[in-house]
Structure formats: structure tokens, C-alpha cells
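Inside the fold
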There are 2 protein chains.
Amino acid sequence: PRGMVHLVGAGPGAADLLTLRALRLLGEADVIVHDRLGTEAVLEMARRDAERIFVGKARANHCMKQEDINALLIRLAHEGRRVVRLKGGDPLVFGRGGEEAEALAAAGIPCEVVPGVTAALACAAGAGIPLTHRDAARAVTFVTGHRRDGGVDVRGLVQPGQTLAIYMGISTLAPLRDGLVAEGMAPTMPAAVIERGGTPQQRVLRGTLDSIARDAPGWVTGGPALLLVGEAVGRGAQGWLQAA
Amino acid sequence: PRGMVHLVGAGPGAADLLTLRALRLLGEADVIVHDRLGTEAVLEMARRDAERIFVGKARANHCMKQEDINALLIRLAHEGRRVVRLKGGDPLVFGRGGEEAEALAAAGIPCEVVPGVTAALACAAGAGIPLTHRDAARAVTFVTGHRRDGGVDVRGLVQPGQTLAIYMGISTLAPLRDGLVAEGMAPTMPAAVIERGGTPQQRVLRGTLDSIARDAPGWVTGGPALLLVGEAVGRGAQGWLQAA
């Protein structure tokens, strides 16, 4: 039999934010290669007898190099297995799915990508914060606070009428705040940090860019966090979800 | 009984790109308020005896004003009904979900937002195009080619190391191309248009900003279209999906 790899977005970590297509593929997989601690609830829904291979990447703790993950996926497919490569959120947004797909293509392995609910969407929905708004945001930008060199690059990303969703480490919050202000953002810009967004353990801290930079480090409890900042973020602060 | 409104993302139009949470809510709803032609496959999965109310918005053809939709949702909830407001893609990305939620909050109606797979994620996955890439894109920006005044506003949005996903009308493609070039984008920048992305009818046209602006108007067949443009778009063109 010819093997194949499905790069599958697991969504933000809540089992019921998985797509039906992802659920079906998890039920058909011979082997599931996963890396995020946030995907436990989703893994519960996989075929019981599917092999599970943990390849690391719990935050800073990268257990396996990307090149080794690529080689593993290729080997499993060459063995004729149906492989699900499960990735938190969406495979093509900060998931290195593109790199894995390139490696598979170079090796002649069939590959299908299944999109997922990326963290920014889940955080916005869970916190009641619009990412775009006819009056306040014509665009939304997703950017990562994690770079290869450990820095934060927000050059050119501060623009009027735009929401920024920053997939971040809290450790990078201070230089991130400084970078945004250096690019022209007001320190009073509405902002929110969402921890474990989209899961039952979600927590939300609202404020301004400055208050968040000051308060968030002492507020987070170690879960994955996302920063939303921009005029539209203030629209959500009026509190629709408080009504629920 | 107290009514409630769920603002539910339907995803890009393929029934199996719905989330499990959305599926459950569609099964519980008393009434479903929907607007996109692209949500038929998803509507098939709703409770058979749920009332369906079509409120328009098939492209330029807005059948009901936003204010009237807001009032309808409030009235249905006041009647004690469980309302699903079904929106294509994600409710908070160009879906005016934020405005509906604000109106519901102002009226004291409980509201929950369920995120969905927004078109850019489905198009990227379906076409095999990474939105971010460690070597080519640190950020991805979603922007709409539809504005209140009918124009296109890309000021400040052309930045190195960024993918643009433009939720567009093909009618706006020529001024959009001119706007991007005026902002400094190379006419040779890799680009792709994806029509009916994420559905079985998906079509993909690859090229450069200039070739797409020239060829897409004669190529599209009337479905919803999305433009991806940026260095990372060229990474996908090597063709992983051709291997599948």
C-alpha cells in the first residue's frame, strides 16, 4: 500500500473545535505524530489502536529537530502507513506545516493539508473581541513573537485600522511592547492577553498595551498565550460575553 | 425560557470543515439565520425542523440591512428561542459578527461566538500554500477588498516578510494591483487566486501579482475568491499537492 501524510490542524485545544474532516482522519490513521501538549483532548478522539509518536515542541522544549520530524514522516509513509501529522491550530499558520509539506513533496510522498481553527480565531471568539470591524479594523495581522533568534520583529506592522494578533511568549512581552511603541503604537492602545484561548481553561486579561505589558507576566499561569492589540480590541471590552 | 444567540462560523463551505461544536449547535437550534450561498452544505446538517431565515448577502446583493438583521436576532431571542446565526468562515473576520454581538449585548441578549475556519486558512490548505514560513513570512495579514465605499485600502500593508490574504471581489482586482504596487510591492511578487477555496469545487490560479491581475478576471466563474500574495506564496508553487 502507498503511504500518505495528512497535515491536520487540531484547532486551539478544545476537542469540539476540531473539524469533522480532522475527526474522520484521526479515526482512519495508522499513526499519529503530534507535538503540542494542547492536543491531548483531540488525541482522545483518535483510533484507539493507532500508534502515537510524540515529537516534542512543548514551548521552548523542542524535543526533535524539524529535519528529524520531516525524516520521520517520510519514513512512516514509505512504510505504507496512513499518517496524521497533528498540529495545534492551523498547520500553515506558524506551524511549520509548509516546511513539512515541502519535505514530503521533495520525497514524492502524497500530502493533504486540513485547515484548523487557529488560536487567534479561538481567542477572539472566546474573549468576545472582534478581529475586524467596519468602524475600527479593515485588517488583522497574525505575527509570531517567537523567532529563530529569539527576538521580536514588528517592523512595519503598526498601521491604522489594523488588529494585531501576536502568537507569543510572555517572556517576549517587554521587548514586544517597546517595539510596538517604537513603530508608533500608542501605549494606551486597547489590548488583551488570552491564555489557553478556546479551551474550558481560558483566561482573559484586558487593558492597554502598557497595562498588559506591566500586568501579564504576573498574571499568566504557564499556558499558551496570545496578545490582541488594536482599536477593535476596545470594541469587545464593552462586554458582550458578560451578558452570557 | 430565555433565548440566546450563537454566532457560529460555518467554515469555508465544505460540510466537513465545520467544527464539532458548530454541528452540535446546529442540531439544537430552534431557528437558523443565515446569509451566504456558500453555507448550503452546512445547513443540510441542521435539525430538520429548525426554522431557516435567509437574510441575504449573496455578494453585492444585500437583501437585508445589518440593522434589520440585528433587530431580527434580538426579536427571536426575546421570543425565547435558541438562535444560531450562521456565518461563512469565522464570525469575527469580515463577518460583522462584532457588530451583531455588540447589538445583542446592548439588548441584554446572551451571546456565544463559535470560531470557524476562515477562508484564508481553507484556501491555503487546499492550494498548498503556506501563509507563514520561517524563511519567507513572519506574518500574515487578512484584509478585505470590499469596503463601505467600494474601494480598496492597502495603505501600509505592503511589508517585507508578510503574506497578504485579500478577501476580495474580482471586480476590485485592477485597483487592488495598482494599490499594492504603489505601496512598493513588486509586480512579480508570487500570487494566487483561489476560487471556492476549501470546497470540492475549488480552483486555483497561480502566477505573479501582474499575471493574476491580467488573467483572473477571465478565469473566475463567479464563486467567492481569495487572493494570496507574498514571498511565501511562491514556496507552495513548487507543488506539494501535485504529488497527492
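Scope of this entry: the structure provided in the associated data block. A quick note: this is a predicted structure, and the numbers were derived from the prediction, not measured. (Residues numbered from 1 in each chain as written. Chains lettered and ligands numbered in written order. Predicted model: local features only at pLDDT ≥ 70, side-chain atom pairs only at ≥ 80, totals over all residues. Heavy atoms only, no water.)

1. Quick notes on the relation of the copies chain A and chain B
Basically, it comes down to this: To superpose the copies, least squares is applied to the C-alpha atoms of every residue with a pLDDT of at least 70 in both. Residue contacts are defined here by distance: any two heavy atoms, one from each residue, within 4.5 Å place the two residues in contact.
By a simple turn and slide, chain A fits onto chain B: the slide is 0.0 Å along the axis, the RMSD is 0.0 Å, and the turn is 180 degrees. Such a combination of turn and shift is consistent with a two-fold rotation axis. When the interface residues of chain A are mapped onto chain B, 100% of them again lie at the interface, so the same face is used by both copies.

2. Overview of the sheet that holds strand 4 (residues 82-87) of chain B
All names here are of chain B. Our working rule: We treat two strands as partners when DSSP finds at least two bridges between them. Only DSSP runs of H or I covering at least 4 residues are called helices, and only runs of E covering at least 2 are called strands; the numbering of each starts at the N terminus. Fitted lines through C-alpha atoms serve as axes, helices being fitted only where they are in contact, and the angles separating the N-to-C directions of these axes extend from 0 to 180 degrees.
As summarised here, the arrangement of the 5 strands in space is 3-2-4-1-5, forming an open sheet in which the pairing is parallel. Whereas interior strands pair on both sides, the edge strands pair on one side only; in this sheet they are strand 3 (51-54) and strand 5 (111-114). Across the sheet, the mean angle separating the axes of adjacent strands is 20 degrees when strand polarity is ignored. Two strands pair when backbone bridges link them, and strand 1 (residues 4-9) and strand 4 are joined in this way by 6 bridges, in the parallel orientation. Within strand 4, the residue paired with Gly9 across the bridge is Lys87. Along the sheet, helix 4 (residues 97-106) makes contact with strand 1, strand 4 and strand 5, crossing strand 1 at roughly 170 degrees.

3. Let's talk about the sheet that holds strand 1 (residues 4-9) of chain A
All names here are of chain A. Taken together, the 5 strands give an open sheet; going across it, the order is 3-2-4-1-5, and neighbouring strands pair in parallel fashion. The strands lining the two open edges of the sheet, one partner per strand, are strand 3 (51-54) and strand 5 (111-114). The sheet shows a mean angle of 20 degrees between the axes of neighbouring strands, direction not considered.

4. Brief notes about the packing of aromatic side chains
Put simply, the test is: Note on ring pairs: Phe, Tyr and Trp rings are taken, using the six-membered ring of Trp, and paired if centres are within 6.5 Å. Classes follow the plane angle, with under 30 degrees stacked, over 60 edge-to-face and the rest tilted. Here, a charge over a ring means that NZ of Lys or CZ of Arg falls within 6 Å of the ring centre while also lying within 35 degrees of the ring normal.
Evaluation of the coordinates by the stated rule reveals 5 aromatic pairs over all chains. Each member of the aromatic cluster is reached from another via a ring pair, and the members are A:Phe94, A:Phe142, A:Tyr167, B:Phe94, B:Phe142 and B:Tyr167. Here A:Arg203 stacks its cationic end above the ring of A:Trp219, 4.2 Å away from the centre of that ring.

5. Side note on the packing of helix 6 (residues 173-182) of chain B against helix 7 (residues 209-219) of chain B
Residues and elements named next belong to chain B. Counted only if it meets this: Oblique is the label for every angle not falling under 35 degrees (roughly parallel), over 145 degrees (roughly antiparallel), or within 65 to 115 degrees (roughly perpendicular). Gly is placed with the polar residues, together with every amino acid not listed as nonpolar (Ala, Val, Leu, Ile, Met, Phe, Trp, Tyr, Cys and Pro) or charged (Asp, Glu, Lys and Arg).
Where helix 6 meets helix 7, the axes come as close as 9 Å, and the angle between the chain directions of the two elements is 170 degrees. When the interaxial angle is binned, helix 6 and helix 7 end up roughly antiparallel. Of the residues in helix 7, those touching helix 6 at Leu173, Arg177, Leu180 and Val181 are Leu209, Asp210, Ile212, Ala213, Ala216 and Pro217. Partitioning the contact of helix 6 with helix 7 into residue classes produces 8 nonpolar, no polar and 2 charged.

6. Digging into the environment of B:Lys65
All names here are of chain B. Going by this rule: Here's how the labels work: a residue is buried when its accessible area is under 20% of the maximum for its type, exposed when over 50%, partly exposed in between, all with a 1.4 Å probe on protein chains only.
One can find Lys65 in the loop between strand 3 and helix 3 (66-78). Residue classification places Lys65 among the exposed residues on the basis of a relative accessible area of 59%. Separated by 10 residues in the primary sequence, Lys65 and Val55 place their C-alpha atoms 8.7 Å from one another.

7. Looking at helix 4 of chain B
Residues and elements named next belong to chain B. The buried fraction of helix 4 amounts to 7 of the 10 residues, a majority that puts the element mostly inside the structure. Every buried residue of helix 4 is accounted for by Gly97, Gly98, Glu99, Glu100, Ala101, Ala103 and Leu104. Where helix 4 is buried, its residues touch strand 1, helix 3, strand 4 and strand 5. With its phi angle positive at about 75 degrees, Gly108 sits one or two positions after the end of helix 4.

8. Regarding the environment of B:Thr19
Filter applied, for reference: For the purposes of these results, a polar contact is taken to be a pair of N or O atoms within 3.5 Å, where, inside protein, one atom must be able to donate a hydrogen and its partner to accept one; residues adjacent in sequence count only when each atom of the pair is a side-chain atom.
Structurally, the position occupied by B:Thr19 is in the loop between strand 1 and helix 1 (20-28). Judged by its relative accessible area of 1%, B:Thr19 falls in the buried class. What B:Thr19 contacts, discounting residues up to four positions off in sequence, is A:Asp16, A:Leu17, A:Leu18, A:Thr19, A:Val117, B:Val114 and B:Pro115. Within the structure, B:Thr19 has its side chain in polar contact with the backbone nitrogen of B:Ala22 (distance 3.1 Å).

9. Examining the side chain of A:Thr141
Along the polypeptide, A:Thr141 turns up in strand 6 (residues 139-144). A polar contact of 3.0 Å, which involves the side chain of A:Thr141, links it to the side chain of A:Gln162. Those residues within four positions of A:Thr141 in sequence are excluded, and the remaining contacts are A:Gln162, A:Thr163, A:Leu164, A:Ala165, B:Ala139, B:Val140 and B:Thr141.

10. Topic: helix 5 (residues 119-127) of chain A
Residue and element names in this part refer to chain A. Helix 5 sits mainly inside the fold: 7 of its 9 residues count as buried. Looking only at helix 5, the buried set comprises Ala120, Leu121, Ala122, Cys123, Ala124, Ala125 and Ala127. A positive backbone phi angle near 70 degrees is found at Gly128, which sits one or two residues after helix 5.

11. Examining the nonpolar core
The criterion, for reference: By nonpolar core we mean a set of buried residues, namely Ala, Val, Leu, Ile, Met, Phe, Trp, Tyr and Cys, connected to one another through side-chain atoms within 4.5 Å.
Grouped together as the largest cluster of nonpolar side chains are 78 residues, with contacts concentrated most on A:Phe142, A:Leu228 and B:Phe142. Core analysis: the next-biggest nonpolar cluster, separate from the first, contains 36 residues, A:Val8, A:Ile32, B:Ala10 and B:Ala50 among them.

12. Some remarks on the environment of B:Ala213
All names here are of chain B. Locating Ala213 in the fold gives a position in helix 7. For Ala213, a relative accessible area of 21% puts it in the partly exposed group. Taking the C-alpha atoms as reference, Ala213 lies 8.6 Å from Leu176; in sequence the two are 37 residues apart. If sequence neighbours within four positions are ignored, Ala213 has contacts with Leu173 and Arg177.

13. Examining the interface of chain A and chain B
Spelled out, the test is: A pair is scored as a salt bridge if a Lys or Arg side-chain nitrogen falls within 4 Å of a carboxyl oxygen belonging to Asp or Glu.
Listed as interface residues are 65 residues of chain A and, on the opposing side, 65 residues of chain B. At the boundary of chain A and chain B, one finds 8 salt bridges. Remark: the boundary between chain A and chain B carries 27 residue pairs in polar contact (both at pLDDT 80 or more). Elements that contribute at least two residues to the side of chain A that touches chain B include exactly helix 1 (20-28), helix 4 (97-106), strand 5, helix 5 and strand 6 of chain A. With 6 residues, strand 6 of chain A is the single largest residue contributor to the side of chain A that touches chain B. Residues that form the side of chain A that touches chain B fall into these classes: 36 nonpolar, 14 polar and 15 charged.

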